[in-house]
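# Structure at a glance
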Amino acid sequence: MEPLSVLDCCVPLARQPLVPGQAAELARVFKALGDPARLRILSLVASHEGGEACVCDLTAGFELSQPTISHHLKVLKEVGLLVSERRASWVYYRVVPERLAELSSLLQPPASVPSPAPRSTPCSR
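Residues numbered from 1 in each chain as written. Predicted model: local features only at pLDDT ≥ 70, side-chain atom pairs only at ≥ 80, totals over all residues. Heavy atoms only, no water.

## Observations concerning the pattern of salt bridges
Counting across every chain of the model gives six salt bridges. For the salt bridge of lysine 74 with glutamate 78, the shortest nitrogen-to-oxygen distance reads 3.8 Å. Pair noted here: lysine 74 and glutamate 78 are both in helix 4 (residues 66-78), with a separation of four residues, about one helical turn. Overall, the relative accessible area of 49% leaves glutamate 78 in the partly exposed class. Taking the shortest distance from any N to any O, the salt bridge between arginine 99 and glutamate 102 comes out at 3.5 Å. With arginine 99 and glutamate 102 both in helix 5 (residues 97-107) and three residues apart, the pair spans about one turn of that helix. Here arginine 99 and glutamate 102 have matching classes, each one buried. (Salt bridge = Lys/Arg side-chain N within 4 Å of Asp/Glu carboxyl O. Helix = DSSP H or I, 4+ residues; strand = E, 2+ residues; numbered from the N terminus. Buried < 20%, exposed > 50% of the residue type's maximum accessible area, 1.4 Å probe, protein only.)

Now the structure itself:
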């Protein structure tokens, strides 16, 4: 799995502004995490014994149909947050820890964030 191209150096947002392409790519990942069902699915997979979960382990915790759960799993896979492996008739999912680490490092503030200087004039927006 390749790292997100926007995170080549894992430069925190507070150190360097994103260019439009980076922002669009990251928005896809955060949009995937912005859905409560997908966030719960990611959490269930990550916290499941052995660090992986079968689709059959996930469906019981939701009032969603199996096809809907599968759709959410597909979205999480497309943005690189999950990987899957078929074993016989079941598919097992695992979180990609490197992906979560990349996102986490992007959101890390620098060690020392300077206090903004007081403005002598109001902001002109």
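## Considerations on the sheet that holds strand 2 (residues 82-87)
Spatial strand order, 1-3-2: three strands in an open sheet with antiparallel pairing. Two strands bound the open sheet, and with one partner strand each, they are strand 1 (52-54) and strand 2. Averaged over neighbouring strand pairs, the angle between their axes works out to 25° when direction is ignored. Strands in contact with helix 4 are strand 2 and strand 3 (90-95); relative to strand 2, the strand with the most contacts, it is inclined by about 120°. (Pairing = 2+ DSSP bridges. Axes fitted to C-alpha atoms, helices over the stretch in contact; angles between N-to-C directions. Contact = heavy atoms within 4.5 Å.)

## So, the environment of valine 75
Secondary-structure assignment places valine 75 in helix 4. For valine 75, a relative accessible area of 16% translates into the label buried. Once the C-alpha coordinates of valine 75 and leucine 33 are considered, the two residues, 42 residues apart in sequence, prove to be 9.5 Å apart. Not counting residues within four places of it along the chain, the set of residues in contact with valine 75 comprises Ala32 and Arg38.

## Notes on the packing of aromatic side chains
Within a pair of aromatic rings, the relevant descriptors are the distance that separates the centres and the angle that separates the planes. Within the structure shown, the criterion is met by zero aromatic pairs. Between the NZ or CZ atom of arginine 40 and the centre of the ring of phenylalanine 62, over which it lies, the distance is 4.2 Å. Directly above the aromatic system of tyrosine 92 lies the positively charged group of arginine 87, at a separation of 4.3 Å from the ring centroid. (Phe/Tyr/Trp six-rings, centres within 6.5 Å; stacked < 30°, edge-to-face > 60°. Lys NZ or Arg CZ within 6 Å of the ring centre and 35° of its normal.)

## Focus on helix 5
Listed as buried for helix 5 are Arg99, Glu102, Leu103 and Leu106. Along the axis of helix 5, the buried residues cluster in a sector spanning 95°; they form a single face. Among the exposed residues of helix 5, those pointing more than 90 degrees away from its buried face are Pro97 and Glu98. Here the buried face of helix 5 lies against helix 1 (20-33). (Arc of directions from axis to C-beta.)

## Describing the packing of helix 1 against helix 5
Closest axis-to-axis distance for the helix 1/helix 5 pair is 12 Å, and the angle between their directions is 110°. When the interaxial angle is binned, helix 1 and helix 5 end up roughly perpendicular. Counting all contacts with helix 1, which are made through Leu26, Val29, Phe30 and Leu33, the residues of helix 5 involved are Leu103, Leu106 and Leu107. The class makeup of the residues in the contact of helix 1 with helix 5 is seven nonpolar, no polar and no charged. (Parallel < 35°, antiparallel > 145°, perpendicular 65-115°, else oblique. Nonpolar A, V, L, I, M, F, W, Y, C, P; charged D, E, K, R; others polar.)

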